[in-house]
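Tertiary structure, described
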Amino acid sequence: MAAKKKGLKPLNSVSMTDRVENILRDYFQENAFKPGDSLPGELEIAEKLDVSRNVVREALSRLRMLGIIESRTRRGMIMARPDILGGLERVMNPFILGKDTLNDVFEMRLILEMGMAEFLFARKTAQDIEELEEIVASQTSIEEPTKEEEIRFHTKLYDMTGNETFTRFQILLLPVFEHVFKKYRKGKTNTPPPDHIHHDGLVKVLKTGTVNDFRNAMQTHLKPYFDVIDL
């Protein structure tokens, strides 16, 4: 018996505001507008597109919220330099994200940690190593650093990459990472194995080892986390 074919369904309607927003996005891209460039005013846009000013105003409001455009005194609207993490900061709350998203973010943090080796070795300085050693020396315990000590050490590693967005993104993920890790652990103690590499070991590899040595050391350091997600 032949399978029953599914019928065609109507497309979701696109509002006039959506259409104007999309048209403006294309217009900005096609004309290669750069941050600081002046843009047509609200009235001019409405006249050119033959739509109401209210529709244009709402579309422009959306673009402002995304950081694509901004209004300046005596200059009107100009292209802005979007804050690519601004939107994420507003929604990166473990209590409003779905379970699958939380799990993905948890794994994303591990991916970031494993991928920083080349940048650390290319950009590390003697002062960076000294600061890491001071962080380790101030820990209450090498084997069991507190949450704050863990954050301080790893934040310094991200800072050493020299990538401001990367560092900010790591800080942005901390609440979600902690929330998901606690959920995975379900209150159980996750004791590292005897050959576990702690913060002091990572610093030693940064001082005297190679990129591959550090990548392997980081994998060992993160192994309790990988075990939690069965990798």
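A few points on the structure. (Residues numbered from 1 in each chain as written. Predicted model: local features only at pLDDT ≥ 70, side-chain atom pairs only at ≥ 80, totals over all residues. Heavy atoms only, no water.)

Observations concerning the environment of Arg109
- Within the element layout of this structure, Arg109 appears in helix H5 (residues 99-114).
- Taking the C-alpha atoms as reference, Arg109 lies 7.3 Å from Leu173; in sequence the two are 64 residues apart. (Helix = DSSP H or I, 4+ residues; strand = E, 2+ residues; numbered from the N terminus.)

Quick word on the packing of helix H8 (residues 147-160) against helix H10 (residues 199-208)
- Taken N-terminus to C-terminus, the directions of H8 and H10 make an angle of 20 degrees; their axes are 12 Å apart at the nearest point. One way to sum up the angle between H8 and H10 is to call them roughly parallel. For H8 against H10, the interelement crossing comes out left-handed. Between H8 and H10, the contacting residues are Glu149, Glu150, Phe153, His154, Leu157 and Met160 on the first element and His199, Leu202, Val203 and Leu206 on the second.
- Broken down by class, the residue content of the contact of H8 with H10 amounts to six nonpolar, two polar and two charged. (Axes fitted to C-alpha atoms, helices over the stretch in contact; angles between N-to-C directions. Parallel < 35°, antiparallel > 145°, perpendicular 65-115°, else oblique. Left-handed = near helix turned anticlockwise from the far one by under 90°. Contact = heavy atoms within 4.5 Å. Nonpolar A, V, L, I, M, F, W, Y, C, P; charged D, E, K, R; others polar.)

Quick notes on the packing of helix H7 (residues 126-137) against H8
- The geometry of H7 relative to H8 is characterised by a closest axis approach of 10 Å and an angle of 170 degrees between their N-to-C directions. Relative to H8, the element H7 is oriented roughly antiparallel. Contact with H7, carried on its side by Asp128, Glu131, Leu132, Ile135 and Val136, involves Arg152, Phe153, Lys156, Leu157 and Met160 of H8 and no other residues of that element.
- When the residues that make up the contact of H7 with H8 are grouped by side-chain class, the tally is six nonpolar, no polar and four charged.

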